[in-house]
Amino acid sequence: MADARAGADPAASGWKGWLGGKAQSWFNYLTTKEYESNEDCKTPKQIKDRARARLQGYAAMCLVGLGTMHWGGAAKVLEHMAGMSQANKEWTNTCVRFLTISFICSLLGLAAGTFPTTAPWALFFGGLGAWQSMLFVIALFHLETMEYYVDPNDAKYSFYVSATVFSFYWSHTAQDPLFLHAFGKIVAGALCNLFFAIRWLWECKGALGRWIWKIMCCSANPRNLLPFRVNHRRNS
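Every chain is numbered on its own, with residues counted from 1 as its sequence reads. Reporting of local features is limited, given that this is a predicted model, to residues whose pLDDT is at least 70; pairs of side-chain atoms are given and counted only at 80 or more, and all residues count toward the totals for whole chains, interfaces and linings. Only hydrogens and water are removed before side-chain values are computed, so all heavy atoms of the structure are retained for them.

Looking now at the overall build of the protein. Helix and strand labels come from DSSP, where a helix needs a run of H or I of at least four residues and a strand needs a run of E of at least two; each type is numbered from the N terminus. When helices and strands are tallied, the protein shows nine helices and zero strands. Taken from the N to the C terminus, the helices and strands of the protein come in the order α-α-α-α-α-α-α-α-α. Only protein chains enter the accessibility calculation, which uses a 1.4 Å probe; a residue whose area is less than 20% of its type maximum is buried, one above 50% is exposed, and one in between is partly exposed. Counting every position in the protein, which comprises 236 residues, the buried fraction comes to 29%. Summarising the internal contacts of the protein: among those between residues at least 6 apart in sequence, 64% fall at separations of at least 24. Contacts are residue-level and defined by heavy atoms, with any inter-residue pair within 4.5 Å sufficient.

Given below as structure tokens:
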């Protein structure tokens, strides 16, 4: 073992160590919540009070979602949709499954917020339930207004966009559950890298940069992608 280590390439081991350090740093960044990054400067009582305050907010949001489900007329809306057409029946079936998952998550979040000292993974289930409750409110709004759209599919697309924007914002504000927070960081990093890459290509003054930029812009004329233009003369 000692001979194998002695015969190892120092450059390769250094490169692997650098890559492993970068991977570990990136993993720590994804799995660390901003509100937990300065826990060393707080007492255990302050940490517990902060977690309890967050759970109370999550529980309140879960109550809003559950109240909207029972008193917001969700059953009447689904019944009205199911009687319209066969396509709406399939869409109603999908909505019922989504509402069932949201209902269960809201109950788990409410239980975690009500009993924070004994609930396992209280912040995870509290944040998950609150997030699903807000998604349910968005879904119910689109279900109730679907009949006013010229094309009912527009309501679906509007819900997808609204839910995506809200989930992205939730991942950076509430930061619970952790998997949503990590996914939000990945999306934000990808968007930033894409922006800087496009900006670099835009500012690139070389012929190669302009050629790559034309490819990305999907030029309508393929001959414009060439670094030079050939003039064809008609024989007289």
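There's more to say after this.
Turning our eyes to something else, we now look at a nonpolar patch on the surface. Patches in this entry comprise residues that are over 30% relatively accessible and not in a salt bridge; like charges within 9 Å are linked, as are nonpolar side chains (Val, Leu, Ile, Met, Phe, Trp, Tyr) within 5 Å. Each accessible area is a Shrake-Rupley estimate made with a 1.4 Å probe; only the visible protein chains count as cover when residues are assessed. Any carboxyl oxygen of Asp or Glu that lies within 4 Å of a side-chain nitrogen of Lys or Arg is treated as forming a salt bridge with it. Residues Trp26, Tyr29 and Ile186 make up a contiguous nonpolar surface patch of about 310 Å² in total accessible area. Among the secondary structure elements, Tyr29 is positioned in helix 2 (residues 10–30). Take Tyr29: its relative accessible area is 40%, and that puts it in the partly exposed class.

We now examine the side chain of Gln175. Position of Gln175 relative to the elements: it lies in the loop between helix 7 (152–173) and helix 8 (178–203). According to the relative accessible area criterion, Gln175 is buried, its value standing at 7%. A distance of 3.5 Å separates a polar side-chain atom of Gln175 from the backbone oxygen of His172. Other than its neighbours up to four places away in sequence, Gln175 contacts Lys33, Glu34, Tyr35, Arg54, Trp170 and His181. Polar contact is the term for a pair of N or O atoms within 3.5 Å; when the atoms are in protein, one must be able to donate a hydrogen and the other to accept it, and sequence-neighboring residues count only if both atoms are side-chain atoms.

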